[in-house]
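What follows is each chain in one-letter form.
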Amino acid sequence: DPSLGFQSKDGSHVPRKEVIGLAQDTIRGFLKPLVRPNKPVALINLHIQSNVGDTALMSAELQLLRDLGVTQDQLVVNTTVPPFTGMIGWGTMFKLKNTVNAQGGTVLFAAGGNMGTIYWANQRIYNLVVKMVPNARVIHLPQSLVVKDMHKFNQTTGNIYRNHPDLHIFMRDKSSFDIATQLQLSPNTKLCPDLAFYLGDLSHRIRNNPAYLNSKSILWMKRADAETPKVSAEQQRALTSGGASGNSNGNGGNPHLKDLIGPTDWRGKNCPKAGPLREHANSALRHAATKELYYEAELQRGSELLGQGAVVMTDRLHGQILSYLLGLPVVVLRDKTYKGKHFFDTWTHVSLSDTKYANTTSVAFATAHAMLECVV
């Protein structure tokens, strides 16, 4: 359904690979007619590159551009703007104005979850570029839209977006789609799966991994950033009950915790620090070949991290999506902005045997444990 997402006709389980294939076809079908052939293309990312979800999106972007026939010569801008600064380099601005805009090319804003007022500095960059390229086609690759101050957003971003003659917005969940259409940001607004789905089935990445093959555990991936929800008393009890991997204080009365690895996150004591690995801080990552090698290494790191569990429970959106692509049963918990739940409700809920949503941590433990009993 173009305004609701994926729906099962009779309410029955839809196989994971069928959903992935349909998502890939949907993404390709939307984008193929939009990227202007033989015209310059600019790809602008606003990501923290030590976050595996971000690097997965960047890898999917490059794969999509190849499939759309975009050549390296056409891709005149492929840069990551320093996140949260609201600034864009002079060299990038020059190419946007004098090459992409002057020749009527295409500007692609990175897929992700940084549109709206939650990351206002990033939204200011989008606003700046949209005003800068009135003759180019501008495409927001699938995004979540979170708006806390509707009036401010409408008077700033809304007015800028509505004035652009060729702006295309793809929203990756129904909640974001409803906000964008309510504000009439663009007549070319569509609901589209997250771009990470373009990576396709990733089960081969863990199929021969001993940690996955021998796992009888639940991997708990829990956000540790600005979008972390407040820890409720119920969750705090779960966190301190013990029994998780590396703890030695027993199961604290909760029989599910003995099967638990975590909580962990993409970034932690065993993960690379963000700063040195951001493109704008590391000249080696500005070269196409190096970018792809780095994205591949990060995707493999994330796959191996998730593959420690036979089942995953997570409040990270790309913890949910990559688990799904890897073929791991996943229990979705809410994050601060409900991005994960909105995405689940729009797309992955149709795979009834593979994905579940839990309102509380204790329900998530119980649900994950029941799923674990089915797979080990």
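Scroll up a little and you will see the structure.
As the structure is a prediction and not an experimental result, all values here were calculated from the model.

Colleague: Help me understand the overall build of the protein in this model?
Modeller: In terms of regular secondary structure, the protein is built from 13 helices and twelve strands. Expressed as a percentage of its 376 residues, the buried residues of the protein come to 58%. In the protein, the proportion of contacts linking residues at least 24 apart, taken out of those at least 6 apart, comes to 75%. Only carbon and sulfur atoms are counted for the fraction: they give 52% of the accessible area of the protein, which is about 15,600 Å².

Colleague: I tried to follow unusual backbone geometry on my own but got confused; where do I start?
Modeller: Where the residue is not glycine, phi is negative for most of them; where a peptide bond is considered, it is trans in most cases. With an omega of 5 degrees, the peptide bond between Gly-262 and Pro-263 qualifies as cis. Along the chain, Pro-263 turns up in strand β9 (residues 260-264). Of note in this structure, Tyr-338 is not a glycine but carries a positive phi near 65 degrees. Of note, Tyr-338 is situated in the loop between β11 (330-332) and α12 (339-346).

Colleague: Before we go on, may I ask you to explain the side chain of Arg-223 in this structure?
Modeller: Position of Arg-223 among the secondary structure elements: in the loop between β8 (218-221) and α8 (233-239). Residue classification places Arg-223 among the buried residues on the basis of a relative accessible area of 7%. Those residues in contact with Arg-223 that lie beyond four places of it in its chain are Thr-228, Asp-265, Asp-315, Arg-316, Leu-317 and Asp-335.

Colleague: Would you take a moment to explain the nonpolar core for this structure?
Modeller: Nonpolar side chains in soluble globular proteins tend to be buried together. Residues Val-107 and Phe-197 are the most contacted members of the largest nonpolar core, which totals 91 residues. At eight residues, the largest contribution of residues to this core is made by helix α2 (residues 52-67). In contact with Val-107, other than residues within four places in its own chain, are Ala-42, Ile-44, Leu-96, Val-100, Val-129, Val-133, Ala-136, Arg-137, Val-138 and Ile-139. The next biggest cluster of nonpolar side chains, apart from the first, holds 14 residues, and it includes Ile-218, Ala-310, Leu-333 and Met-371.

Colleague: Sorry if this is basic, but what is going on with the side chain of Ser-303 here?
Modeller: Among the secondary structure elements, Ser-303 is positioned in helix α10 (residues 288-306). Apart from residues no more than four positions distant in its own chain, Ser-303 is found in contact with Arg-205, Ile-206 and Leu-326.

Colleague: I'm lost on α12 in this one. Help?
Modeller: Along α12, the residues that are buried comprise Lys-339, Gly-340, Phe-343, Phe-344 and Thr-346. Buried residues of α12 fall within an arc of 165 degrees about the axis and therefore sit on the same side.

Colleague: Explain the pattern of salt bridges here, please?
Modeller: Side chains that differ in sign of charge can pair as their charged atoms come close. According to the stated counting rule, one finds twelve salt bridges in the structure shown. The salt bridge involving Glu-292 is made with Arg-66; its shortest N-O contact spans 2.9 Å. Of this pair, Glu-292 sits in helix α10 while Arg-66 is found in helix α2, placing the two residues 226 residues apart along the sequence. Looking at Glu-292, the relative accessible area reads 33%, which means it is partly exposed. In this structure Arg-66 comes out as partly exposed when scored by relative accessible area, which is 46%. Through salt bridges with shared partners, one network takes in Arg-16, Lys-17 and Asp-201.

Thresholds applied
Residues numbered from 1 in each chain as written. Predicted model: local features only at pLDDT ≥ 70, side-chain atom pairs only at ≥ 80, totals over all residues. Heavy atoms only, no water. Helix = DSSP H or I, 4+ residues; strand = E, 2+ residues; numbered from the N terminus. Buried < 20%, exposed > 50% of the residue type's maximum accessible area, 1.4 Å probe, protein only. Contact = heavy atoms within 4.5 Å. Areas by Shrake-Rupley, 256 points an atom, 1.4 Å probe, with all protein chains shown as cover. Core = buried A, V, L, I, M, F, W, Y, C linked by side-chain atoms within 4.5 Å. Arc of directions from axis to C-beta. Salt bridge = Lys/Arg side-chain N within 4 Å of Asp/Glu carboxyl O.

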